[in-house]
Amino acid sequence: MELTTTDFKLFQRSNYTFKGLKEVLTTEEIDDIKADYKTHWEKWRAIQLATAALLPPQMDQGRPKIESWTNGWNLRSHFWAAYRSSSRQQENACLAVLLNKKQYQIYLMFQHYRSEERTGSIDDYNRLLELLPQWSREIDLADYYIWPQTEDELTDHLPLKTYLEDEEQRRILQQRIGEKTFQVGKLFFAERSLSDIEGVTAAALQELAPLYQALMKSQKSDQ
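About the thresholds
Residues numbered from 1 in each chain as written. Predicted model: local features only at pLDDT ≥ 70, side-chain atom pairs only at ≥ 80, totals over all residues. Heavy atoms only, no water. Patch = residues over 30% accessible without salt bridge, like charges linked within 9 Å, V, L, I, M, F, W, Y side chains within 5 Å. Areas by Shrake-Rupley, 256 points an atom, 1.4 Å probe, with all protein chains shown as cover. Salt bridge = Lys/Arg side-chain N within 4 Å of Asp/Glu carboxyl O. Lys, Arg positive; Asp, Glu negative; His and termini not counted. Charge placed at Lys NZ, Arg CZ, Asp CG, Glu CD. Helix = DSSP H or I, 4+ residues; strand = E, 2+ residues; numbered from the N terminus. Buried < 20%, exposed > 50% of the residue type's maximum accessible area, 1.4 Å probe, protein only. Phe/Tyr/Trp six-rings, centres within 6.5 Å; stacked < 30°, edge-to-face > 60°.

**Comments concerning a negative patch on the surface**
Negative charge collects at one region of the surface, where Glu-28, Glu-29, Asp-31, Asp-32 and Asp-36 lie side by side. Tracing the backbone shows Asp-36 in helix H3 (residues 27–54). Classification of Asp-36 by relative accessible area gives partly exposed; the value is 34%.

**Considerations on the pattern of salt bridges**
Applying the stated criterion across every chain, the model contains 10 salt bridges. For Asp-124, the salt bridge identified is with Arg-127, shortest N-O distance 2.1 Å. Overall, the relative accessible area of 13% leaves Asp-124 in the buried class. A salt bridge links Glu-168 to Arg-171, with the nearest nitrogen and oxygen atoms 2.6 Å apart. With Glu-168 and Arg-171 both in helix H7 (residues 167–177), this residue pair falls three residues apart, about one helical turn. When its relative accessible area of 40% is taken as the criterion, Glu-168 is described as partly exposed. Arg-171 gets classed as partly exposed once you look at its relative accessible area, which sits at 43%.

**Considering the packing of aromatic side chains**
What the rule picks out here adds up to 11 aromatic pairs. Geometrically, the ring pair formed by Phe-11 and Phe-79 is edge-to-face, given 4.9 Å between the ring centres and 80 degrees between the ring planes. A residue pair is termed long-range when its members are at least 10 positions apart, and Phe-11 in the loop between helix H1 (5–9) and helix H2 (18–24) and Phe-79 in strand S2 (residues 79–83) qualify at 68 residues. Look at Tyr-125 and Phe-182: their rings are 5.0 Å apart centre to centre, the planes differ by 40 degrees, and that puts the pair in the tilted class. Taken together, the residues Tyr-125 in helix H4 (residues 122–126) and Phe-182 in strand S7 (residues 182–189) connect sequence positions 57 residues apart.

Given below as structure tokens:
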């Protein structure tokens, strides 16, 4: 499958609430927007399911959790899917994929929303920062970025190569993380189309997998 500029353009709108849309658009126009969202979301869903099918058995990935295109009151400003190992469905940490109007990102994250209902601490997760230099030697750093969880997803994030080479940038990022977490991953921007997107996504998830797996080992050693 191919990810094109049209997939990014879906999210280029100023109003995502149905209430707001009803104030400026006709019912027919809103129905057209909903139909467009559903069509793109079905493609998104197909990409994620195809990606999951490409992941090797040793990753023990369960079916990805694919967020709906609406929460009932709003259109989503992005599409999102979470990948967790079958045995780690109740953990806060996960691999994830996101598409918004600016970028397609494959990344490692800590899910803060309802984190009290799952397992895994912020401190354990943030200790993965110590592993980044060693892990990064095994990958091509092109297209990789790192950012605080609190940073808006549309902000220009810090290239991972810069973070690793600049001690001051590492200090600033750790300060900005504060009591939250960091996210690290591969970003592809809207200016380029991506063919074989499921293959690209699966490859990036496999590159990030050692960090995700290291967290599990760390948690076991603490028990």
